Amino acid sequence: MLTLSIDGCPNPQAVGSKAVDVDFRQGANSFFKLADGTSLKYDSSLGAVFSISKETDAPTISSNKYIFFGQVDVTVRAARGVGVVTSFVLQSDDLDEIDWEWLGGDAYEVQTNFFSKGCTDTYDRGGFSPVSDPIANFHTYTIKWTPTQLDWIIDGTVVRTLQNTGVTGCAGYPQTPMQIKLGTWVAGRADAPQGTIDWAGGLTDFSDIPFDGYYQSLRIVDYMGGQGATEATEYQYSDRSGTWQSIKVVNSGSSGSSSSSSSSSSSAKPTSSSTSSSTKSSTTLATVTSSSSVSSNGTVSTTTHGATSTSGNQVSTTAASSTSVSTGAAPTAVGNMVAVGAAALLGYLVL
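Everything quoted here is computed from the prediction, not taken from an experiment. (Residues numbered from 1 in each chain as written. Predicted model: local features only at pLDDT ≥ 70, side-chain atom pairs only at ≥ 80, totals over all residues. Heavy atoms only, no water.)

This next bit is on the state of the cysteines. Summed over all chains, the structure comprises one disulfide. Between the sulfur atoms of Cys 119 and its disulfide mate Cys 170 the distance is 1.7 Å. Measuring the twist about the S-S bond at about -60°, one finds the Cys 119-Cys 170 disulfide to be left-handed. Of this pair, Cys 119 sits in the loop between β9 (109-115) and β10 (127-130) while Cys 170 is found in the loop between β13 (157-163) and β14 (178-186), placing the two residues 51 residues apart along the sequence. Among the residues examined, Cys 170 registers a relative accessible area of 13% and is labelled buried. (Disulfide = S-S within 2.5 Å. Helix = DSSP H or I, 4+ residues; strand = E, 2+ residues; numbered from the N terminus. Buried < 20%, exposed > 50% of the residue type's maximum accessible area, 1.4 Å probe, protein only.)

Below you can see the structure in the form of structure tokens.
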């Protein structure tokens, strides 16, 4: 039986202790629900086919259950096409968000990003990581997310790390239970803001359709708050703070009884597979990064049109990753809809 949150909405249902393996080469999977207007095909070798044939296409699927910290591995081949975006996103009901995004005109890199509480006052948290032709080749992209650290991983190699230092605001750490969203959409559409079109690489040319992205398989592991819980059926917001410590891990047994535990313990010390040194991430609110340098104290100073600044969240990068700020502000609106990060744009669909 579903219980209600402090706002009267159902609590997020937990993935729980059993890992979820999804192989779209075998067809549709009930772990995901299709957004209105979404129709997918399934290929026995390529997996779920997310196809774009016109500006308003935005095939999207969302998980029925949430993870409260955890690891998600997705094997995907991005859709080609200038202005076409392929996205693998974690997003919470509180609008925390963690992103992987591929642009259909970029065969050399993938973008990473994060949002806290839906804050889009700045777009300075994006990063780029090189990858061998993500449009022609399948790669496995991983989000490993704990109360203290967030890793973005490509084919087993950590390419970006974000430390939870307690900073709030736009640079705050994503920390509330999240569902998994997969999809493709058109950023290079005629009615998109110019900043969105520029970020996406330009207007999409529909003379060479379809533009197909392929999601082959996923593995989802729920850390259930990361504080030693052995089972979870749902997650309960105990207040409106939006902190991970305020969220209760609820386990409703088969008999209908339930128990809960708060995630307030600070004793957990999750480990990371990253071996890179910690540096501070740039939060320069600008569009083009012209140069980066590392000072003796490990602070990355990114110069953009002569301005420099840094944020409190610690970011580690390996040699395979870039410390540059995302170029071109991420989209804030499509049509008449104000968007919050990639997940909001993923869910946007004109019927």
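So, next bit.
As summarised here, the arrangement of the seven strands in space is β2-β5-β14-β7-β8-β9-β10, forming an open sheet in which the pairing is antiparallel. Looking along the sheet, the strands with just one partner apiece sit at the ends: β2 (32-34) and β10. On average, each strand axis in the sheet is inclined to that of its neighbour by 20°, with strand direction left out of account. Sheet topology note: the strand β5 (residues 60-63)/β14 ladder contains three bridges and is antiparallel. Residue Thr 60 lies in a different strand from β14, and its bridge partner there is Gly 183. (Pairing = 2+ DSSP bridges. Axes fitted to C-alpha atoms, helices over the stretch in contact; angles between N-to-C directions.)

Here we come to unusual backbone geometry. A cis amide bond links Ile 209 with the next residue in sequence, Pro 210, at an omega value of 0°. Mapped onto the elements of the fold, Pro 210 is located in the loop between α1 (194-200) and β15 (211-222). With phi around 70°, Phe 69 is a residue other than glycine that occupies positive phi space. Turning to its location among the elements, Phe 69 is positioned in the loop between β5 and β6 (70-77). Looking at Phe 69, the relative accessible area reads 0%, which means it is buried. Of note in the backbone geometry, Asp 155 takes a positive phi value of approximately 50° without being a glycine. Residue placement: Asp 155 occurs in the loop between β12 (149-154) and β13. Under the relative-accessibility criterion, Asp 155 is labelled partly exposed at 45%.

With that settled, the discussion passes to the packing of aromatic side chains. Applying the stated criterion across every chain, the model contains 14 aromatic pairs. An angle of 50° between the planes, with centres 5.9 Å apart, marks the rings of Phe 24 and Phe 32 as tilted. This pair shows no difference in class: Phe 24 is buried, exactly as Phe 32 is. Taken together, a centroid distance of 6.1 Å and an interplanar angle of 35° make the contact between Phe 24 and Tyr 42 tilted. In this pair, Phe 24 is assigned in the loop between β1 (20-23) and β2 and Tyr 42 in strand β3 (residues 41-43), connecting sequence segments 18 residues apart. Residue class for Phe 24 comes out buried when judged on its relative accessible area of 1%. Of the aromatic side chains, those joined through ring pairs into one cluster are Phe 68, Phe 69, Trp 145, Tyr 235 and Trp 244. Directly above the aromatic system of Phe 114 lies the positively charged group of Arg 125, at a separation of 5.9 Å from the ring centroid. (Phe/Tyr/Trp six-rings, centres within 6.5 Å; stacked < 30°, edge-to-face > 60°. Lys NZ or Arg CZ within 6 Å of the ring centre and 35° of its normal.)

In this fold, Thr 168 is placed in the loop between β13 and β14. Residues Thr 168 and Ser 116, spaced 52 residues apart in sequence, show a C-alpha to C-alpha distance of 8.1 Å.

In this section: the pattern of salt bridges. In the structure shown here, the tally under the stated rule is eight salt bridges. Linked through salt bridges whose partners overlap, the residues forming this network are Asp 94, Asp 96 and Lys 117. (Salt bridge = Lys/Arg side-chain N within 4 Å of Asp/Glu carboxyl O.)

Quick look at the environment of Asp 106 now. Tracing the chain through its elements places Asp 106 in the loop between β8 (97-103) and β9. The exposure class of Asp 106 is buried, given its relative accessible area of 15%. For Asp 106 and Gly 83, which are 23 residues apart along the polypeptide, the C-alpha to C-alpha distance reads 9.8 Å. Other than its neighbours up to four places away in sequence, Asp 106 contacts Pro 134 and Ile 135. (Contact = heavy atoms within 4.5 Å.)

Per-residue confidence for the chain averages 78 on the pLDDT scale, and 70% of its residues sit at or above 70. Residue range residues 264-340 is modelled with pLDDT below 50. Its contacts to residues more than four positions away, or to other chains, number 183 contacts. Counting contacts from residues 347-351, a segment whose pLDDT is below 50, to residues more than four positions away or on other chains yields 14 contacts. (pLDDT = per-residue confidence, 0-100.)

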